[in-house]
Amino acid sequence: MTSKMTALGFYKPGNIEQPPEFEAVELDRPEPEGHDLLVEVKAVSVNPTDYKTRDSKKPDDDSLTIVGRDVAGVVVSTGSDCSLFKEGDEVFYAGTNVRAGGHSQFHLVDERIVGHKPKKLDFAQAAALPLTGLTAMEALFVRLGISKNPQDNKGKNILIIGAAGGVGSIATQIANLAGLTVIGTASRPETVEWAKNHGVHHTINHHRELLPQLKELDIDGVDYIFCLTNVDDHMEGMAEAIRPQGKICSILPAFEPLEPSLFGKSVTFVYELMYTRSMYRTEDMIEQHHLLNELSEWADSGKVQSTLNETMAPVNPANLKEAYGKLMSGKTIGKIVLEGPVEK
């Protein structure tokens, strides 16, 4: 096997109003050490975190940046400390934001944040799931403390703001699987239909006041809220809609003060960042391995479906630019996935 590989990245941030300008670069193929796996990349999906990495680059930073946080592929070799995977295993994972991403022919990743790819999904279908699946599972079961046992959630509900997007499409399915009544926000006919096909029981419009719409559904408030868009835009509405002692989780930072009425209701407000465990190498980092394996089992049993909505091929600079352009429009439904091979 050749000792070189093609990677797709960018040196300068460029115009952040436009998608990144990817270049094909020839690099030495890395060698795995310790807990690392070397994975041959078969498919990748695109996420806002990737172009936001570009946006955070300083103008004088001309280092090569390789993004790509969602990968499905095959293990080529393993580091000396690996025990979870072997050569030839099919895997899927979301990687980390403190190492090079997966827009390359081969990719190094710590096995403790990798799962076994669902057997019944192809590589493109699997590549749509890791980042959003981990985000949803950590948010629901860890940050919000929701039980996975449907019996424990009888009579409880959750409002998911941004239900048709990448995270929303899997969060609605998982919340439904946990036995919650799922209310999702969607504002267009096609996003309403998508949300209802992915586990939502009721839809409301996030461009209108939340609580009056809930009351039209005979829902006087919600036990949980999972906010997947700009949290400041919805702070007042969430404060009205959340029940006393309810819980709210956001995947984006709040820049404005929390609504004071949350204090009177003793509401829990928490954040979810899928990268926290890998970024800080927390003692429970391996939980992402377990969560991905559980997600894989759910996919194989038909309990959750891939949120793949568009496939492009091959993985090359032109297709990456087009995919990120669509993502930056803010109107994508589900996930966009690029299938290999990785080409110049």
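Residues numbered from 1 in each chain as written. Predicted model: local features only at pLDDT ≥ 70, side-chain atom pairs only at ≥ 80, totals over all residues. Heavy atoms only, no water.

Comments concerning the overall build of the chain
Here is step 1 of the chain: Scanning the chain for helices and strands turns up 11 helices and 15 strands.
Here is step 2 of the chain: Relative to its length of 344 residues, the chain is compact, with a C-alpha radius of gyration of 20 Å against a globular reference of 20 Å.
Here is step 3 of the chain: Seen through its principal axes, the chain has C-alpha atoms that stretch 65 × 45 × 35 Å.
Here is step 4 of the chain: Among the 344 residues that make up the chain, the fraction classed as buried is 54%.
Here is step 5 of the chain: Partitioning the contacts of the chain with sequence separation of at least 6, the portion at a separation of at least 24 is 70%.
Here is step 6 of the chain: Approximately 14900 Å² of the chain is accessible, and the part contributed by carbon and sulfur atoms is 48%. (Helix = DSSP H or I, 4+ residues; strand = E, 2+ residues; numbered from the N terminus. Rg over C-alpha atoms; globule rule 2.2 N^0.38 Å. Buried < 20%, exposed > 50% of the residue type's maximum accessible area, 1.4 Å probe, protein only. Contact = heavy atoms within 4.5 Å. Areas by Shrake-Rupley, 256 points an atom, 1.4 Å probe, with all protein chains shown as cover.)

Topic: unusual backbone geometry
Here is step 1 of the chain: Note the cis peptide between Ala313 and Pro314, where omega equals -5°.
Here is step 2 of the chain: Mapped onto the secondary structure, Pro314 falls in the loop between β14 (308-312) and α11 (317-328).
Here is step 3 of the chain: Look at the link from Gly340 to Pro341: it is a cis peptide, with omega at 10°.
Here is step 4 of the chain: Along the chain, Pro341 falls in the segment after β15 (335-339).
Here is step 5 of the chain: Not every positive phi belongs to a glycine, and Gln245 is a case in point at roughly 65°.

Looking at helix α4 (residues 166-177)
Here is step 1 of the chain: Over its 12 residues, α4 extends 18 Å from the first C-alpha to the last, a length consistent with the 16 Å expected when each residue adds 1.5 Å.
Here is step 2 of the chain: With 10 of 12 residues buried, α4 lies mostly within the body of the structure.
Here is step 3 of the chain: Within the sequence span of α4, burial applies to Gly166, Val167, Gly168, Ser169, Ile170, Ala171, Thr172, Gln173, Ile174 and Ala175.
Here is step 4 of the chain: Just downstream of α4, Gly179 is the residue with a positive phi angle, here 90°. (Expected span 1.5 Å × (residues − 1).)

Let's talk about the packing of aromatic side chains
Here is step 1 of the chain: Scanning the model with the defined rule gives three aromatic pairs in all.
Here is step 2 of the chain: Relative to Tyr324, the ring of Phe22 lies with its centre 5.5 Å away and its plane at 25°, an arrangement referred to as stacked. Placement of the pair is Phe22 in the loop between β1 (4-9) and β2 (23-28) and Tyr324 in helix α11, with a sequence separation of 302 residues.
Here is step 3 of the chain: For Phe22, a relative accessible area of 8% corresponds to the buried category.
Here is step 4 of the chain: On the basis of relative accessibility, which here comes to 0%, the residue Tyr324 falls in the buried class.
Here is step 5 of the chain: With a centroid separation of 5.4 Å and 90° between ring planes, the pair formed by Phe269 and Tyr271 is classed as edge-to-face.
Here is step 6 of the chain: Overall, Tyr271 belongs to the partly exposed group, its relative accessible area being 42%.
Here is step 7 of the chain: Joined through ring pairs, the aromatic side chains of Phe10, Phe22 and Tyr324 make up one cluster.
Here is step 8 of the chain: Sitting above the plane of the Phe123 ring, Lys117 keeps its charged end 5.0 Å from the centroid. (Phe/Tyr/Trp six-rings, centres within 6.5 Å; stacked < 30°, edge-to-face > 60°. Lys NZ or Arg CZ within 6 Å of the ring centre and 35° of its normal.)

Observations concerning the pattern of salt bridges
Here is step 1 of the chain: Applying the stated criterion across every chain, the model contains 23 salt bridges.
Here is step 2 of the chain: Across the salt bridge formed by Glu90 and Lys117, the nearest N and O atoms sit 3.4 Å from each other. With Glu90 in strand β5 (residues 90-93) and Lys117 in the loop between β7 (114-116) and α2 (123-127), the pair connects residues that are 27 residues apart, well separated along the chain.
Here is step 3 of the chain: Judged by its relative accessible area of 38%, Glu90 is partly exposed.
Here is step 4 of the chain: Among the residues examined, Lys117 registers a relative accessible area of 7% and is labelled buried.
Here is step 5 of the chain: Put simply, Glu138, Arg143, Glu272, Arg277 and Asp284 are held in one network by salt bridges that share partners. (Salt bridge = Lys/Arg side-chain N within 4 Å of Asp/Glu carboxyl O.)

A short note on the nonpolar core
Here is step 1 of the chain: Residues Leu140, Ile158, Ile160, Ile174, Phe226 and Leu295 are the most contacted members of the largest nonpolar core, which totals 77 residues.
Here is step 2 of the chain: Here this core takes seven residues from helix α3 (residues 130-143), the largest share from any one element.
Here is step 3 of the chain: Each of domain 1 (4-131 + 283-339) and domain 2 (144-271) contributes no fewer than three residues to this core.
Here is step 4 of the chain: What Leu295 contacts, discounting residues up to four positions off in sequence, is Phe92, Leu129, Gly133, Met137, Ile170 and Val304.
Here is step 5 of the chain: Counting 21 residues, the second largest nonpolar core, distinct from the first, contains Ile183, Ile219, Ala239 and Val267. (Core = buried A, V, L, I, M, F, W, Y, C linked by side-chain atoms within 4.5 Å. Domains from an automatic or database assignment.)

Some remarks on the environment of Asn149
Here is step 1 of the chain: Inspection of the secondary structure assignment puts Asn149 in the loop between α3 and β8 (157-161).
Here is step 2 of the chain: Distance from Asn149 to Ile204, taken between C-alpha atoms, is 26 Å for residues 55 residues apart in sequence.
Here is step 3 of the chain: Looking at Asn149, its side chain comes within polar contact range of the main-chain nitrogen of Gln151, at 3.0 Å. (Polar contact = N/O pair within 3.5 Å; in protein donor to acceptor, adjacent residues only side chain to side chain.)

Regarding the domain arrangement of the chain
Here is step 1 of the chain: One can read the domain layout of the chain as domain 1 (4-131 + 283-339) and domain 2 (144-271).
Here is step 2 of the chain: Of note, the centres of domain 1 and domain 2, computed from C-alpha atoms alone, are 28 Å apart.
Here is step 3 of the chain: Of the residues lining the interface, 18 residues belong to domain 1; the matching set on domain 2 comes to 16 residues.
Here is step 4 of the chain: Taking both sides of the interface into account, the surface hidden between domain 1 and domain 2 amounts to around 1300 Å²; carbon and sulfur atoms contribute 67%.
Here is step 5 of the chain: Of all residues in domain 1, the largest losses of buried area upon contact with domain 2 belong to Gln305, Thr307 and Ile333, amounting jointly to 37% of the total for that side. (Buried area = accessible area lost by both parts, 1.4 Å probe.)

Focus: the environment of Val71
Here is step 1 of the chain: When you line up the elements, Val71 lands in strand β4 (residues 70-78).
Here is step 2 of the chain: Val71 gets classed as buried once you look at its relative accessible area, which sits at 0%.
Here is step 3 of the chain: Sequence-wise, Val71 and Ala126 are 55 residues apart; in three dimensions their C-alpha atoms are separated by 8.2 Å.
Here is step 4 of the chain: If near-sequence neighbours (up to four positions away) are discounted, Val71 is found in contact with Val41, Ala43, Val44, Val91, Phe92, Tyr93, Gly102, His107 and Pro130.

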